[in-house]
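Listed here are the chains, written in short residue letters.
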Amino acid sequence: ASHQLNIAFALVKSEERESFAHLSSKPVTALQGIGPKHAAELETLGIETIEQLATYKFFHLARAIDTLGATEEPNGRLEDTILNIDNGVDKAYEHMYLKDILDAPVSALQGISEEKGSVWKQLGCKTVQDLANYKYARWAEAILTAAEFEQQAN
């Protein structure tokens with residue numbers, strides 16, 4: 001039987017026949033919904049390809065904060081605990097609960113300037129939570145993961 005799987009709603013029509021592996025090197029405009037303006041804004045952040053979007057370290061940090069924030073217990077930090085993400089967030093956010101960092105602007109992540117934060121805002125990511133759920137990065141990440149399990153054509 002032939003395969004039925006497709007990701008038609010994630011890709012522009014011209015890319016739908018490509019392998020997952022081949023898609024990773026494609027420009028972000030291969031993703032449905034990213035036009036020239038959106039792509040130009042991503043380019044100012046150093047993101048031009050699906051692979052660069054999938055591996056964007058601040059997306060992964062935001063996802064980690066989101067995932068681990070769901071495991072946080074109010075006032076649950078034990079004395080002498082050394083867990084921290086101080087190298088990932090600006091000093092003003094180091095003492096906060098992960099859940100509270102999610103509501104902070106994207107520029108709260110160490111390495112994202114106010115300028116780059118305003119680019120993310122234009123792309124619809126006002127908060128760290130928004131970046132964690134940025135659908136295009138999630139699609140790109142899923143494409144890279146699927147490529148690892150793809151049987152290559154002979």
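Residues numbered from 1 in each chain as written. Predicted model: local features only at pLDDT ≥ 70, side-chain atom pairs only at ≥ 80, totals over all residues. Heavy atoms only, no water.

Enquirer: Any chance you could explain the overall build of the protein chain here in plain terms?
Expert: Helix and strand counts for the protein chain stand at eight helices and zero strands. For the protein chain, the sequential pattern of α-helices and β-strands runs α-α-α-α-α-α-α-α. Summarising its shape, the C-alpha atoms of the protein chain cover approximately 60 × 35 × 20 Å along the three principal directions. Here the protein chain, with 154 residues, has 36% of them falling under the buried criterion. Long-range pairs, those at least 24 residues apart, make up 54% of the contacts in the protein chain between residues at least 6 apart in sequence. Approximately 9800 Å² of the protein chain is accessible, and the part contributed by carbon and sulfur atoms is 52%. Of the charged side chains in the protein chain, 14 are positive and 23 negative; the average position of the first set lies 6 Å away from that of the second. (Helix = DSSP H or I, 4+ residues; strand = E, 2+ residues; numbered from the N terminus. Buried < 20%, exposed > 50% of the residue type's maximum accessible area, 1.4 Å probe, protein only. Contact = heavy atoms within 4.5 Å. Areas by Shrake-Rupley, 256 points an atom, 1.4 Å probe, with all protein chains shown as cover. Lys, Arg positive; Asp, Glu negative; His and termini not counted. Charge placed at Lys NZ, Arg CZ, Asp CG, Glu CD.)

Enquirer: Would you explain the pattern of salt bridges in this entry?
Expert: Two side chains that carry opposite charge are able to pair once their charged atoms sit near each other. What the rule picks out here adds up to five salt bridges. Glutamate 41 is paired through a salt bridge with lysine 37; the nearest N and O atoms lie 3.2 Å apart. Taken together, the residues span about one helical turn, with glutamate 41 and lysine 37 both in helix H2 (residues 36-44) at a distance of four residues. Look at glutamate 41 and you get buried, because its relative accessible area is 12%. What makes lysine 37 exposed here is its relative accessible area of 63%. (Salt bridge = Lys/Arg side-chain N within 4 Å of Asp/Glu carboxyl O.)

Enquirer: I would appreciate a short explanation of the packing of aromatic side chains in the present structure.
Expert: One pair of aromatic rings is described through two measures. These are the centre distance and the angle between the planes. Under the defined criterion, the tally for this structure stands at five aromatic pairs. Both rings, one in tyrosine 56 and one in tryptophan 120, keep their centres 5.6 Å apart while their planes meet at 45°; by these two values the pair is tilted. Within this pair, whereas tyrosine 56 is found in the loop between helix H3 (50-54) and helix H4 (57-69), its partner tryptophan 120 is found in helix H6 (residues 114-122), the two being separated by 64 residues in sequence. For tryptophan 120, a relative accessible area of 0% corresponds to the buried category. Following the ring pairs from residue to residue traces out a cluster consisting of Tyr56, Phe58, Trp120, Tyr134, Tyr136 and Trp139. (Phe/Tyr/Trp six-rings, centres within 6.5 Å; stacked < 30°, edge-to-face > 60°.)

Enquirer: How should H6 be read in this particular structure?
Expert: Residues lying three or four places apart along an α-helix face the same way, a consequence of the helix completing one turn every 3.6 residues. Buried residues of H6: Gly117, Val119 and Trp120, and no others. Down the axis of H6, the buried set is contained in an arc of 155°. They therefore lie on one face. Opposite its buried face, H6 presents the exposed residues Glu114, Glu115 and Gln122, each directed more than 90 degrees away. Along its buried surface, H6 packs onto H2 and helix H7 (128-132). (Arc of directions from axis to C-beta.)

Enquirer: Please clarify how the packing of H2 against H6 should be interpreted in this entry.
Expert: Think of two packed helices as two axes; the pair is described by the angle between the axes and how far apart they sit. Relative to each other, H2 and H6 sit at 155°, their axes nearing to 10 Å. With respect to their mutual orientation, H2 and H6 come out roughly antiparallel. Crossing handedness for the pair H2 and H6: left-handed. In this structure, H2 contributes Glu41, Leu42 and Thr44 to the contact, and H6 contributes Lys116, Val119, Trp120 and Gln122. Looking at the contact of H2 with H6, its residues break down into three nonpolar, two polar and two charged. (Axes fitted to C-alpha atoms, helices over the stretch in contact; angles between N-to-C directions. Parallel < 35°, antiparallel > 145°, perpendicular 65-115°, else oblique. Left-handed = near helix turned anticlockwise from the far one by under 90°. Nonpolar A, V, L, I, M, F, W, Y, C, P; charged D, E, K, R; others polar.)

Enquirer: Explain the environment of isoleucine 50 here, please?
Expert: Note that isoleucine 50 resides in helix H3. Judged by relative accessible area, isoleucine 50 falls into the buried class, the value being 0%. Residues isoleucine 50 and glutamine 152, 102 residues apart in the sequence, show an inter-C-alpha distance of 19 Å. Residues in contact with isoleucine 50, not counting those within four places in the same chain, are Leu23, Ser24, Lys26, Pro27, Val28, Ala30, Leu31, Ala140, Ile143 and Leu144.

These figures come from the coordinates and say nothing about function on their own.
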